[in-house]
Amino acid sequence: MNVQRSASEPAAAAAAAVAVPEATPALDAAGRTGSGPGKGAALVPVALVVAGGLSVQFGSAVAALLMPKAGALGVVTLRLAAAALILLVVCRPKVRGHSRADWGTVLAFGVAMGGMNTLFYQALDRIPLGIAVTLEVLGPLALSVFASRRLINVVWAGLALVGVVLLGGGGFDRLDPVGAAYALGAGAMWAAYIVFSARTGRRFPQADGLALAMVVAAVLSLPLGIWESGAKLTVPSTLALGAAVAVLSSVLPYTLELMALRRLPASTFAVMMSLEPAIAAAAGFLILNQALSTTDALAIALVIGASMGAVRSQTGARKRKKKG
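In what follows, the accompanying structure is described.

Conventions adopted
- Residues numbered from 1 in each chain as written.
- Predicted model: local features only at pLDDT ≥ 70, side-chain atom pairs only at ≥ 80, totals over all residues.
- Heavy atoms only, no water.
- Helix = DSSP H or I, 4+ residues; strand = E, 2+ residues; numbered from the N terminus.
- Buried < 20%, exposed > 50% of the residue type's maximum accessible area, 1.4 Å probe, protein only.
- Contact = heavy atoms within 4.5 Å.
- Areas by Shrake-Rupley, 256 points an atom, 1.4 Å probe, with all protein chains shown as cover.
- Salt bridge = Lys/Arg side-chain N within 4 Å of Asp/Glu carboxyl O.
- Phe/Tyr/Trp six-rings, centres within 6.5 Å; stacked < 30°, edge-to-face > 60°.
- Axes fitted to C-alpha atoms, helices over the stretch in contact; angles between N-to-C directions.
- Parallel < 35°, antiparallel > 145°, perpendicular 65-115°, else oblique.
- Left-handed = near helix turned anticlockwise from the far one by under 90°.
- Nonpolar A, V, L, I, M, F, W, Y, C, P; charged D, E, K, R; others polar.
- Core = buried A, V, L, I, M, F, W, Y, C linked by side-chain atoms within 4.5 Å.
- Patch = residues over 30% accessible without salt bridge, like charges linked within 9 Å, V, L, I, M, F, W, Y side chains within 5 Å.

## Observations concerning the overall build of the protein
Logical step 1: Within the protein one finds 12 helices and 0 strands.
Logical step 2: Along the protein, from the amino end to the carboxyl end, the secondary structure elements read α-α-α-α-α-α-α-α-α-α-α-α.
Logical step 3: By the burial criterion, 52% of the 324 residues in the protein qualify as buried.
Logical step 4: Put simply, of all contacts in the protein between residues at least 6 apart along the chain, 88% involve residues at least 24 apart.
Logical step 5: Carbon together with sulfur atoms contributes 68% to the accessible area of the protein, which is approximately 13,800 Å² in total.

## Observations regarding the side chain of Thr238
Logical step 1: Mapped onto the secondary structure, Thr238 falls in helix α9 (residues 236-261).
Logical step 2: Sequence-distant contacts of Thr238, defined by excluding residues within four places in its chain, comprise Leu66, Lys69, Ala70, Leu78 and Lys232.

## Notes on the pattern of salt bridges
When charged atoms on two side chains of opposite charge get close, those side chains can pair.
Logical step 1: This structure, assessed with the given rule, holds 1 salt bridge.
Logical step 2: Two residues, Arg203 and Asp102, come together in a salt bridge whose shortest N-O distance is 2.7 Å. Of this pair, Arg203 sits in helix α7 (residues 177-203) while Asp102 sits in helix α3 (residues 100-124), and the two are 101 residues apart along the sequence.

## Quick word on the packing of aromatic side chains
Logical step 1: Enumeration according to the criterion identifies 3 aromatic pairs in this entry.
Logical step 2: A centroid spacing of 5.8 Å and a plane angle of 70 degrees characterise the contact between Phe120 and Tyr121, whose relative ring orientation is edge-to-face.
Logical step 3: Residue class for Phe120 comes out buried when judged on its relative accessible area of 7%.
Logical step 4: Tyr121 sits in the buried class, given a relative accessible area of 0%.

## Notes on the packing of helix α4 (residues 129-136) against helix α11 (residues 276-288)
Logical step 1: Here α4 crosses α11 at 160 degrees, and the two axes come no closer than 7 Å. Overall, the two elements α4 and α11 adopt an arrangement that is roughly antiparallel. Of the two possible hands of crossing, α4 and α11 adopt the one that is right-handed. Contacts from Leu129, Gly130, Val133 and Thr134 of α4 reach α11 at Glu276, Pro277, Ala280, Ala281, Ala283 and Gly284.
Logical step 2: Of the residues belonging to the contact of α4 with α11, the class tally is 6 nonpolar, 3 polar and 1 charged.

## What about the nonpolar core?
Logical step 1: Formed by 63 residues in total, the largest nonpolar core has its most connected members in Met113, Tyr121, Ile127, Leu129, Leu135, Tyr193 and Met214.
Logical step 2: In this view, Met214 contacts Leu80, Ala83, Ala84, Leu87, Met113 and Tyr254; residues no more than four positions away in its chain are not counted.

## Concerning a nonpolar patch on the surface
Logical step 1: Judged by side-chain polarity, Leu107, Val111 and Leu220 come together as a nonpolar surface patch covering roughly 250 Å² of accessible area.
Logical step 2: With respect to the helices and strands, the residue Val111 is situated in helix α3.

Written out as structure tokens, the structure is:
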């Protein structure tokens, strides 16, 4: 799996920041696409991206079902530990020959990854999945706006803010303010994840840095999971569901999205990934019976539109800059 990123165009990572976290380290690979495939072939990477998004969000829905058995922190531990083991076996990362700065980057990446997952699952334990993902995506959107420093992206940020106000119904007491705060915190950690995933990709070959950072995240989450759930984590059925969450939310999306990114432009990928809140809302409705009100649906649509607009405007600006 090639997840190395180019050292140039740092704003490109922010422009694609609405992508799912698991896909972020591979985004630059999409910038090098072949010439015009047929219509059928062109639909293949799109289908792979959609499948990856479905896998991530339905994996989150399965995680919500597991929480009564293992607790939010226990689910995070099971997911990260299982994903770390799988990535270590598949990637077999080298641990020698790296500088202190390399390890510092991996450590920061792992902390961001662990924090993002811990905060998101705490939010998922308190508010509906679709709303949690909508609030979380504001972190990458803010990163995109700050990186671009263009007035039009301030407009997109304002549109997203209107969506957030609608979600809160004028006040987040309707949602559960603690859950909303956790989701926003997860968004901030998602933005940090994007920054450090880019740095890790430049310092480590293939997926070595990702695998090592996943180990860091798993180790950091382990004491919290044991503290909350203890022996519950060793129940066979709980372990099986935890492994399923790891596969659905990490391993399978990595594979599908990396396959898609060999043939799909990063800008197109990012716009498609901005549909994540809608996919999450569908997963919450189908698996968790979390129906959304008309106002909630409108709010999610506004955030999706803002994310798509921010990516499109940033991509257009880069194209004009290259032509100039």
